[in-house]
Amino acid sequence: MKILEETIKLINNIALESSLPREVTDDANRIASHIIELKIIGKLSPTVVALASLVLACRFNNIGIGLRQLLKFVREDSHKLKSISRRAYKLSRLYLEVYRPKASVSSYESYVRTASIWLSIPEECKSIALQLARLFGEKYSRRLKPMAVAGASIYVAMSVCDKHKITIEKLSQTLKVTSPTLRTAIKLIKGLARDIGLSVGS
């Protein structure tokens, strides 16, 4: 089936470019086959099915990445991306409603792990960022977008480690999070870092 071949090729390419583990790719391929073979929606687009399948596979494997981040690995005209994202989101929700598989909400720490790979963060800084992200979740729950919390945790951790500073602009571009949201998260996480005795500057 041509549409399945195209979808699996897209899944494999996006997973490779976004450094997703093999088990996520395998699960996404199985989900895509399920969606296409059982025709749970009418008109199928390989890109939409690939994105929906990858987002679901990430949730099932507790991998911190969302549609907004995956979209940057999609080779489509920019004016089509909003529509593609909306349709992929709807398809992923429909899949969950129809088949009711067990899907947990990915932790803030899982988003830190993904962002650390993309930004090549040193292990010592990543360890601090994971701690800060966990503390944020304990205090604020799901108050902010998880990738913003991940980016802010890394930003503060790099300061604590006295490593070269990552700019907010770079975080925003790489992680697909707005600068104002990042600044809000950084302010909150700096407070948490000081609470546990870490030196983060002003």
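Below: a short report on this structure.

## Some thoughts on unusual backbone geometry
Phi at N62 takes a positive value of approximately 55 degrees, unusual for a residue other than glycine. Mapped onto the elements of the fold, N62 is located in the loop between helix 3 (46–60) and helix 4 (67–70). Positive phi is not limited to glycine here, since S120 has a value of about 55 degrees. Within the secondary structure, S120 sits in the loop between helix 6 (108–119) and helix 7 (123–140).

## Concerning the environment of Q69
Mapped onto the fold, Q69 is located in helix 4. Accessibility expressed as a relative area gives 5% for Q69, which makes it buried. Distance in space between the C-alpha atoms of Q69 and Q173 is 9.9 Å, their sequence separation being 104 residues. If sequence neighbours within four positions are ignored, Q69 has contacts with W118, M147, L175, K176 and V177.

## Some points on the nonpolar core
L20, L51, L54, F136 and I154 are the most contacted members of the largest nonpolar core, which totals 76 residues. Excluding residues that lie within four positions of it along the chain, F136 makes contacts with Y108, S141, L144, V149, L188, I189 and L192.

## Examining the packing of helix 7 against helix 8 (residues 146–160)
Helix-helix packing is described using two parameters, namely the angle between the two axes and the distance between the axes. Helix 8 packs onto helix 7 with a crossing angle of 130 degrees between their chain directions and a minimal axis gap of 8 Å. When the interaxial angle is binned, helix 7 and helix 8 end up oblique. Where helix 7 crosses over helix 8, the two elements pack in a sense that is right-handed. Residues C125, I128, A129, L132, A133 and F136 of helix 7 pack against V149, S153, I154, V156, A157, M158 and V160 of helix 8. Its residues assigned to classes, the contact of helix 7 with helix 8 comprises 12 nonpolar, 1 polar and no charged.

## Considerations on the pattern of salt bridges
By the definition in use, this model includes 7 salt bridges. Between E6 and K2 there is a salt bridge, and its shortest N-O distance comes to 4.0 Å. One end of the pair is E6 and the other is K2, both in helix 1 (residues 2–17) and 4 residues apart, which spans about a single turn. Residue E6 is classed as partly exposed on the basis of its relative accessible area of 35%.

Each value, and the rule that gives it
Residues numbered from 1 in each chain as written. Predicted model: local features only at pLDDT ≥ 70, side-chain atom pairs only at ≥ 80, totals over all residues. Heavy atoms only, no water. Helix = DSSP H or I, 4+ residues; strand = E, 2+ residues; numbered from the N terminus. Buried < 20%, exposed > 50% of the residue type's maximum accessible area, 1.4 Å probe, protein only. Contact = heavy atoms within 4.5 Å. Core = buried A, V, L, I, M, F, W, Y, C linked by side-chain atoms within 4.5 Å. Axes fitted to C-alpha atoms, helices over the stretch in contact; angles between N-to-C directions. Parallel < 35°, antiparallel > 145°, perpendicular 65-115°, else oblique. Left-handed = near helix turned anticlockwise from the far one by under 90°. Nonpolar A, V, L, I, M, F, W, Y, C, P; charged D, E, K, R; others polar. Salt bridge = Lys/Arg side-chain N within 4 Å of Asp/Glu carboxyl O.

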